[in-house]
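Examination of the molecular architecture
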Amino acid sequence: MGTALNLVLILLLLTTAVLAVTARDLLAAVIIFSVYSLIMALMWQRLQAPDLALTEAAVGAGVTTVLFVIAIFKTRRREEE
Amino acid sequence: MKRVAALLFIAALAVLLLYVVSRMPPMGDPETPTATHVIPRYLEKAEEETHTVNVITGVILNYRGYDTMGEVTVIFCALAAVLAVLGRERRGVIHGFVDRSEVPSSTIVRTMVRFIVPFIILFSVYTILHGETSPGGGFQGGAIIGGSMIIFTTIFGLYESSRRIPLKVRAPLEGAAVMGFFLVGTLGLVGGGNFLTYAWPRVAQDLHPSLVVWLTVLVEVGIGLGGAMVLTSILFAMIREEEEIATVS
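Of the regular secondary structure elements, chain B holds 10 helices and two strands. Counting from the amino terminus, chain B carries its helices and strands in the arrangement α-α-α-α-α-β-α-α-α-α-α-β. Relative to its full complement of 249 residues, chain B shows a buried share of 39%. Total accessible area computed for chain B in this model is approximately 14,700 Å², and 70% of it derives from carbon and sulfur atoms.

The following block contains the structure:
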């Protein structure tokens, strides 16, 4: 059970990491990156580091995502060819 | 050609990293160097020496207080860099957040946010104050306050949220984390101990544990307030527009 959950989390983590890098739409990339942070927070919890999990969820998935979104909002949404 | 070289480099790096991972000791192995030197001391003596039930808080704020003080200073410097580039809103003038999105936030969203933000702030206060007994602490709580301010600002705009936390409140509190560390560290010196040890040799033994806990909580509150204000100020600096919407007297 535990190993299966770890495997699923790692696969999701790898998928979101690759998707966040390859996405052309920067807004989509930021949202995928926040999902990556959320999975990372779950993994910190699985590794018995609840302090880090809290930090990752609040800073990684919350604050940085919004700061990135504001930065996109102020510039351009599409990556240039 | 460049692509092939890049791919080869990444493949070589991946092989190297995977090799290193395969040679790492298994998680929880009692024979590794990290588990045989400082960790036994932390686990056995932390509660007795730092009077914090949560060993992680004891390590972060007490054994490695200097490291954390440096980290807090780095966060403060990040704010200084952001403000140097983007500039701060002027005192007394409230800059508006011009909502350029096609869909204005609906009544349901506004009501929900108004309802839920106080509870988020309550949770962050719990996280800050219970840092020495349960997971969490000043930085996490501060980040949660910053997150609640972000939610509020994105729904109600900069005008409403900078009216609630004006510049004259934020500016002195931004340094609260650094100031808290220096204040408590210097208090330790005054009490006859070392900088940031929270130890006061001249205080009676039965008073000592509660004093250490109070000083630790003081540092946690400083980190929480400072972190929250730094995040809020970065958000306001990023979101503000050049045109002025209103001037308050």
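Once you've had a look at it, read on.
What follows deals with the overall build of chain A. Looking only at helices and strands, one finds three helices and zero strands in chain A. Taken over the C-alpha atoms alone, chain A extends approximately 45 × 25 × 10 Å along its principal axes. Relative to its 81 residues, chain A shows a buried fraction of 36%. Residue pairs at least 24 apart in sequence account for 61% of intrachain contacts in chain A once pairs closer than 6 positions are excluded. As displayed, chain A offers around 5,000 Å² of accessible surface, 73% of which is attributable to carbon and sulfur atoms. Within chain A, the 6 negative side-chain charges are centred at a point lying 5 Å from the centre of the 6 positive side-chain charges.

L67(A), I70(A), I234(B) and L235(B) are the most contacted members of the largest nonpolar core, which totals 18 residues. Secondary structure elements with two or more residues in this core: α3 (50-74) of chain A together with α5 (65-86), α7 (138-164) and α10 (208-239) of chain B. With eight residues, α10(B) is the largest single contributor of residues to this core. Contacts of I234(B), omitting those with residues within four sequence positions, involve L67(A), L79(B) and V82(B).

So, about the packing of helix α2 (residues 26-46) of chain A against α3(A). Residues and elements named next belong to chain A. Between α2 and α3, the shortest axis-to-axis distance is 7 Å and the interhelical angle comes to 175°. Taken together, the axes of α2 and α3 are roughly antiparallel relative to one another. Here L26, L27, V30, F33, S34, S37, L38, M40, A41, W44 and Q45 of α2 lie close against α3, whose contacting residues are P50, L52, A53, E56, A57, G60, A61, T65, F68, V69 and I72. Here the contact of α2 with α3 is composed, by residue class, of 16 nonpolar, five polar and one charged.

Bringing a nonpolar patch on the surface into the picture now. Residues and elements named next belong to chain B. A contiguous nonpolar patch, built from F9, I10, L13, L16, L17, Y19, V20, V21 and M24 and spanning about 940 Å² of accessible area, is present on the exposed surface. Relative to the assigned elements, V21 resides in helix α1 (residues 2-23). Given a relative accessible area of 51%, V21 falls into the exposed group.

All names here are of chain A. At Q48, a residue that is not glycine, the phi angle is positive and equals roughly 60°. Turning to its location among the elements, Q48 is positioned in the loop between α2 and α3. On the basis of relative accessibility, which here comes to 68%, the residue Q48 falls in the exposed class.

Taken together, the contact pairs 14 residues of chain A with 23 residues of chain B. For the pairing of chain A and chain B, the buried interface totals around 1,600 Å² over both sides, and the portion due to carbon and sulfur atoms is 77%. For the chain A face of the interface with chain B, the top three residues by lost area are D51(A), L54(A) and F73(A), together amounting to 34%. Counting the contacts that link chain A with chain B gives zero salt bridges.

What follows deals with the packing of aromatic side chains. Residue and element names in this part refer to chain A. Applying the stated criterion to the full structure yields six aromatic pairs over all chains. Between F33 and F68, the aromatic rings sit 6.4 Å apart at their centres with planes inclined by 70°, giving edge-to-face as the arrangement. Of this pair, F33 sits in helix α2 while F68 is found in helix α3, placing the two residues 35 residues apart along the sequence. Pairwise contacts between aromatic rings join F33, Y36 and F68 into one cluster.

So, about α7(B). All names here are of chain B. Over its 27 residues, α7 runs only 22 Å from end to end, short of the ideal 39 Å by more than 12%, given 1.5 Å per residue. The largest bend in α7 is about 130°, located at G157. Summarising burial for α7: 20 of the 27 residues are buried, a large majority.

So, about the packing of helix α9 (residues 176-190) of chain B against α10(B). All names here are of chain B. In contact at an axis separation of 7 Å, α9 and α10 are set at 160° when each is read in the N-to-C sense. Here α9 lies roughly antiparallel to α10, going by the angle between them. For the pair α9 and α10, the crossing hand works out as right-handed. Contact with α9, carried on its side by A176, A177, G180, F181, V184 and L187, involves L215, L218, V219, G222, I223, L225 and G226 of α10 and no other residues of that element. Its residues placed into classes, the contact of α9 with α10 shows 10 nonpolar, three polar and no charged.

Basis of the calculations
Residues numbered from 1 in each chain as written. Chains lettered and ligands numbered in written order. Predicted model: local features only at pLDDT ≥ 70, side-chain atom pairs only at ≥ 80, totals over all residues. Heavy atoms only, no water. Helix = DSSP H or I, 4+ residues; strand = E, 2+ residues; numbered from the N terminus. Buried < 20%, exposed > 50% of the residue type's maximum accessible area, 1.4 Å probe, protein only. Areas by Shrake-Rupley, 256 points an atom, 1.4 Å probe, with all protein chains shown as cover. Contact = heavy atoms within 4.5 Å. Lys, Arg positive; Asp, Glu negative; His and termini not counted. Charge placed at Lys NZ, Arg CZ, Asp CG, Glu CD. Core = buried A, V, L, I, M, F, W, Y, C linked by side-chain atoms within 4.5 Å. Axes fitted to C-alpha atoms, helices over the stretch in contact; angles between N-to-C directions. Parallel < 35°, antiparallel > 145°, perpendicular 65-115°, else oblique. Nonpolar A, V, L, I, M, F, W, Y, C, P; charged D, E, K, R; others polar. Patch = residues over 30% accessible without salt bridge, like charges linked within 9 Å, V, L, I, M, F, W, Y side chains within 5 Å. Salt bridge = Lys/Arg side-chain N within 4 Å of Asp/Glu carboxyl O. Buried area = accessible area lost by both parts, 1.4 Å probe. Phe/Tyr/Trp six-rings, centres within 6.5 Å; stacked < 30°, edge-to-face > 60°. Expected span 1.5 Å × (residues − 1). Bend = angle between axes of the 7 residues up to and from the residue. Left-handed = near helix turned anticlockwise from the far one by under 90°.

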